[in-house]
Amino acid sequence: MTQMSGGSDSFSGDVWRIYEFGTPDVMTLERMEVPPLEANEAVVRVHAAGVGPWDGWIRSGNSALPQPLPLILGSDISGQIVAVGDGVDHLQVGDQVYGVTNKRFCGGYAQYAVANAAMLDKKPPSIDHVTAASLPVIAVTAWQAMFDQAGLVEGQTVLIHGAAGNVGAFAVQLAKRFGLNSFCTSSGEDIGRVRSLGAGHVIDYSGARFEDEVQDLDAVIDFVGGETQTRSFNVLKRGGTLISAVSKPDETLAQEHGVMAKFFLVDVSTKSLGRISALVRNNELRTNVGVTLPFERARDAHLMLEGQLPRPKGKIVLSVEPT
């Protein structure tokens, strides 16, 4: 393991940990030593940690992935590399990085986080750590839904559900950037913002049924789920595609309509982050941090996720002070 110049053999810092699944009350702030690094891992001195709905699912025991306890919550991070393990050749001590901790999406609410180096990229210098920590999961999810999963190409038509949400807002911008004809659903109060992101046509779901507005689409990108997802089969052309980042679509309905329907989990990697980094460097993505909270208020961030405190529009980010 390569250590920070002048550093000791180990690091210790505060973390937000859970020993049981439940409400935000199960979250405890405690001091922990960083465990020895394994191959292809890095220690990141975290400057900011993003908070997303998946953090709440993990905390409450509703994760789609196995989550052995105890665990440290959080996955989106931005900070500085202070140590690297064997096999890490694309990053070095001192690099400013952002990305995701690991495939279990845990370990990020920490002053020092252990991360899979293959899920980190160098932070674009044009953005600060708070902005960078808001990006990884949601921006990569939008890209992968549109291009890796749906396979959309310039000139095709796509319906984006939840276009004003954190993931949807990036999907709208990507559709504009890569020449797709986009139709987007949002509430009436968000129509102006969705249009400003580059949406081709915005449908107020509270005042109109999207099935009456669009037909014969190449793809539907679903960030809403439920009845909205079910109704979406009716607007796809035969051979079209429905991609959901929320829930598994009904395979029987997919067969009846002659379409491909798929649920996917985001796969964050240095390569996938690199695409986002390039867009950020070229000022081709607008970010939206809704609120920045001190690290010590992570429990309040989860109360916002639960709706027990007012939830801002935009990403919730924790600002992590040095030990």
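Residues numbered from 1 in each chain as written. Predicted model: local features only at pLDDT ≥ 70, side-chain atom pairs only at ≥ 80, totals over all residues. Heavy atoms only, no water.

### Focus on the sheet that holds strand 15 (residues 260–263)
Thinking step 1. Taken in spatial order, the six strands of this open sheet run 12-11-10-13-14-15, and their pairing is parallel. In the strand order of this sheet, the two ends are held by strand 12 (201–204) and strand 15, each with one partner. Across the sheet, the mean angle from the axis of one strand to that of its neighbour is 15°, orientation sign disregarded.
Thinking step 2. Sheet analysis places strand 10 (residues 157–161) next to strand 13 (residues 217–222), joined by four bridges and oriented parallel. (Pairing = 2+ DSSP bridges. Helix = DSSP H or I, 4+ residues; strand = E, 2+ residues; numbered from the N terminus. Axes fitted to C-alpha atoms, helices over the stretch in contact; angles between N-to-C directions.)

### Quick look at the nonpolar core
Thinking step 1. Among the nonpolar cores identified, the biggest contains 84 residues, and Tyr109, Leu120, Met146, Ile160 and Leu318 are the most heavily contacted of them.
Thinking step 2. Of all the elements, helix 3 (residues 136–149) adds the most residues to this core, at nine residues.
Thinking step 3. Setting aside residues no more than four positions away along its own chain, Leu318 makes contact with His47, Ala48, Ala49, Val51, Tyr109, Leu293, Pro294, Phe295, Ala298 and Ala301.
Thinking step 4. Ranked by size, the runner-up nonpolar core spans 14 residues in total, among them Ile203, Val214, Leu217 and Val235. (Core = buried A, V, L, I, M, F, W, Y, C linked by side-chain atoms within 4.5 Å. Buried < 20%, exposed > 50% of the residue type's maximum accessible area, 1.4 Å probe, protein only. Contact = heavy atoms within 4.5 Å.)

### Examining the side chain of Gln173
Thinking step 1. Take Gln173: it is sitting in helix 4 (residues 166–177).
Thinking step 2. Gln173 gets classed as buried once you look at its relative accessible area, which sits at 7%.
Thinking step 3. Within polar-contact distance, the side chain of Gln173 engages the backbone oxygen of Ala169 at 3.2 Å.
Thinking step 4. Apart from residues no more than four positions distant in its own chain, Gln173 is found in contact with Leu197, Glu284, Leu285 and Arg286. (Polar contact = N/O pair within 3.5 Å; in protein donor to acceptor, adjacent residues only side chain to side chain.)

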